[in-house]
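Fold and geometry: a report
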Amino acid sequence: MDEEYDVIVLGTGLKECILSGLLSVDGLKVSLPIRELVLHMDRNDYYGGDSTSLNLNQVLMELYTDMLFTYLLEQLWKKFRGEDKPPAHLGASRDYNVDMVPKFMMANGALVRTLIHTDVTKYLSFKAVDGSYVFSKGKVIYKVPATDMEALKSPLMGLFEKRRARNFFIYVQDYNEADPKTHQGLDLTRVTTRELIAKYGLSDDTVDFIGHALALHRDDRYLDEPALDTVKRMKVKSLARFQGGSPYIYPLYGLGELPQGFARLSAVYGGTYMLNKPECKVEFDMEGKVCGVTSEGETAKCKKVVCDPSYLPNKASTPYIHIVKGLVGHYGAKYVFCCSYTHNVAPRGKFIAFVSAEAETDNPQAELKPGLDLLGSVDEIFYDIYDRYEPVNEPSLDNCFVSTSYDATTHFETTVTDVLNMYTLITGKTVDLSVDLSAASAAEEY
């Protein structure tokens, strides 16, 4: 703890582990006056923070000692029930890996590109997700098309509407930002999504389907924003790269594998890890700049600190969210996520399901009911509520780089955007995610 570090990272959530890995690799690849030394600390005795996968009989890797040990946590029941043992009818506890931040990965998305860029894919295996679905008008569940051709066959649109939509899908498929011939005279940096869609005469239901099921917008504000973002989202996010019925993939053994993979990367490049370090107190000098972190009476000096909001609560706040009642159709979106033994997270015959949303009332359990009703019979149910925090400090003044809390979306695109923005603030550089996507592959069915 007496050594001086360039960066100390507090917390082993996914965002912090990605940054730790990028910074450690950066220190060896870039010629710097001082080698980029990274110390990574966590108050918990497991990796992952909020993005961990709770395993009732968990095996973890102590990266800084190269030792394997078995960690008998029975974490899920301790966290939610205050009990030591789950009921026997659920099966062997070692077969469970329960995510705390339930999300899938976009097969063409920023997280997969980051995994390939850093070569963390060699530590992980993935499986294509069978399908994604939309619950329409409280009555019917439709499969979300994974390709443009599948979209034209979807019962989400009527026969004549499909004909109108076909021209729009062709335009999106052929659009190349670098080739003006494909733009059909439209400047998508100026034309709004509403104006672009109006050109094709599509109905409001089809607009909802395109905006939220294909482009994965979280609300309706995109309609009055430049159309380029929506077109890019449709081209990337609606394409199924792997054999399966959706654009999503998922790591075998749960999302907790992701932060551990990036932690391994950091360790390989010289990053130091210390778990179970209680009361990590960030120290500041007379000018208000960070100068170190103290834990158990020892202080590690540093130039910069990266952390999640829980380590510096005075430098983060909960954002005020204004709910526009005229757009309530998608501000109140509920996300239902389901995984099973095929993902190595539950015993055969058991499923782990999550229902998530951004709470809008003082009764979030009632808000989740429409999603819960879709699940049918449930063996056990747990509720968890947490505030979302955003940093309010100025990193250039205090050298503290605080991540934003995870949102309720089904994917990690906003997560990686936050990480890459923080990386640029810390280093002054950008990460080139122009990679060969074929380097990531999904596991075969078994």
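Because the structure is a prediction, the values reported are computed rather than measured.

**Quick look at the overall build of the protein**
In terms of regular secondary structure, the protein is built from 13 helices and 20 strands. Among the 446 residues that make up the protein, the fraction classed as buried is 51%. Looking at the protein alone, contacts between residues at least 24 apart form 69% of all its contacts between residues at least 6 apart. When the accessible surface of the protein is summed, it comes to about 21900 Å², and 51% of that surface belongs to carbon and sulfur atoms.

**Things to note about the side chain of aspartate 398**
Relative to the assigned elements, aspartate 398 resides in helix 12 (residues 395–398). Aspartate 398 gets classed as buried once you look at its relative accessible area, which sits at 6%. Apart from residues lying up to four places away in sequence, aspartate 398 is in contact with Phe284, Gly288, Lys289, Val290, Lys315 and Asn393.

**Points about the nonpolar core**
Membership of the largest hydrophobic core comes to 57 residues, with the highest contact counts inside it found for Met105, Leu111, Leu115, Leu258 and Phe262. Here this core takes seven residues from helix 1 (residues 14–29), the largest share from any one element. Residue contacts for leucine 258: discarding those within four places in its chain leaves Leu14, Met105, Leu111, Leu115, Leu124, Pro251 and Phe412. The next biggest cluster of nonpolar side chains, apart from the first, holds 28 residues, and it includes Val172, Leu188, Ile197 and Leu214.

**Some thoughts on the pattern of salt bridges**
Think of it this way: side chains of opposite charge can pair up when their charged atoms draw near. Under the criterion given, the structure shown has 17 salt bridges. Residue glutamate 358 is joined to arginine 388 by a salt bridge in which the shortest nitrogen-to-oxygen separation is 3.3 Å. Here the residue glutamate 358 occupies a position in the loop between strand 18 (351–356) and helix 11 (364–372), and arginine 388 occupies one in the loop between helix 11 and strand 19 (390–391), the gap between them amounting to 30 residues. One continuous salt-bridge network, built from bridges that share partners, spans Glu4, Asp6 and Lys303.

**Side note on helix 11**
All buried positions along helix 11 are accounted for by Pro364, Glu367, Leu368, Gly371 and Leu372. Down the axis of helix 11, the sector holding all buried residues measures 150°, keeping them to one side. Next to the buried residues of helix 11 lie strand 17 (335–340) and strand 18.

**Topic: helix 5 (residues 159–174)**
With 16 residues, helix 5 ought to run about 22 Å at 1.5 Å a step, and its terminal C-alpha atoms sit 23 Å apart, in line with that. Its axis deflected by about 30° at alanine 165, helix 5 carries its strongest bend there. Among the residues making up helix 5, those that are buried are Glu161, Lys162, Ala165, Phe168, Phe169, Tyr171 and Val172.

**Examining the sheet that holds strand 8 (residues 126–128)**
Strand order across the open sheet formed by three strands is 7-11-8, with antiparallel pairing between neighbours. Strands with a single pairing partner mark the edges of an open sheet, and in this sheet they are strand 7 (105–106) and strand 8.

**Comments concerning the packing of helix 3 (residues 110–118) against helix 9 (residues 257–268)**
The contact between helix 3 and helix 9 brings their axes to 11 Å, and the two run at 25°. In terms of their interaxial angle, helix 3 and helix 9 are classed as roughly parallel. Between helix 3 and helix 9 lies a crossing of left-handed hand. Every residue of helix 9 that contacts helix 3 at Leu111, Thr114, Leu115 and Thr118 is listed here: Leu258, Phe262 and Leu265. Per-class residue counts for the contact of helix 3 with helix 9 are five nonpolar, two polar and no charged.

**Examining the pairing of strand 15 (residues 298–307)**
Looking at chain direction, strand 1 (residues 4–10) and strand 15 are connected through six bridges and run parallel. Paired with valine 7 across the strands is lysine 304, a residue of strand 15. For strand 14 (residues 290–295) and strand 15, the ladder comprises four bridges, and the chain directions are antiparallel. Bridging across to strand 15, glycine 292 finds its partner in lysine 301. Where strand 14 hands over to strand 15, the hairpin turn is made up of two residues, of which glutamate 296 adopts a positive phi near 55°.

**Topic: the packing of aromatic side chains**
If you walk through the whole model with that rule in mind, you get 11 aromatic pairs. Relative to tyrosine 250, the ring of phenylalanine 104 lies with its centre 5.9 Å away and its plane at 80°, an arrangement referred to as edge-to-face. Within this pair, whereas phenylalanine 104 is found in the loop between strand 6 (98–99) and strand 7, its partner tyrosine 250 is found in strand 11 (residues 248–251), the two being separated by 146 residues in sequence. You can call phenylalanine 104 buried: its relative accessible area is 9%. An angle of 50° between the planes, with centres 5.9 Å apart, marks the rings of tyrosine 171 and tyrosine 175 as tilted. No difference in accessibility class separates tyrosine 171 from tyrosine 175, as the two residues are buried.

**Regarding unusual backbone geometry**
Of note in the backbone geometry, glutamate 296 takes a positive phi value of approximately 55° without being a glycine. Within the secondary structure layout, glutamate 296 lies in the loop between strand 14 and strand 15. Residue class for glutamate 296 comes out exposed when judged on its relative accessible area of 56%. One non-glycine residue, asparagine 399, adopts positive backbone phi at about 60°. Within the element layout of this structure, asparagine 399 appears in the loop between helix 12 and strand 20 (400–402).

**Topic: the confidence of the model for the protein**
Per-chain confidence: the protein averages 79 in pLDDT, with 79% of residues scoring 70 or above. Overall, residues 28–36 carries pLDDT values under 50, and its contacts beyond four positions in sequence, including any with other chains, amount to 10 contacts. Note that pLDDT drops below 50 for residues 321–331; the model gives that stretch 14 contacts with residues more than four away or on any other chain.

What counts, and where the lines are drawn
Residues numbered from 1 in each chain as written. Predicted model: local features only at pLDDT ≥ 70, side-chain atom pairs only at ≥ 80, totals over all residues. Heavy atoms only, no water. Helix = DSSP H or I, 4+ residues; strand = E, 2+ residues; numbered from the N terminus. Buried < 20%, exposed > 50% of the residue type's maximum accessible area, 1.4 Å probe, protein only. Contact = heavy atoms within 4.5 Å. Areas by Shrake-Rupley, 256 points an atom, 1.4 Å probe, with all protein chains shown as cover. Core = buried A, V, L, I, M, F, W, Y, C linked by side-chain atoms within 4.5 Å. Salt bridge = Lys/Arg side-chain N within 4 Å of Asp/Glu carboxyl O. Arc of directions from axis to C-beta. Expected span 1.5 Å × (residues − 1). Bend = angle between axes of the 7 residues up to and from the residue. Pairing = 2+ DSSP bridges. Axes fitted to C-alpha atoms, helices over the stretch in contact; angles between N-to-C directions. Parallel < 35°, antiparallel > 145°, perpendicular 65-115°, else oblique. Left-handed = near helix turned anticlockwise from the far one by under 90°. Nonpolar A, V, L, I, M, F, W, Y, C, P; charged D, E, K, R; others polar. Phe/Tyr/Trp six-rings, centres within 6.5 Å; stacked < 30°, edge-to-face > 60°. pLDDT = per-residue confidence, 0-100.

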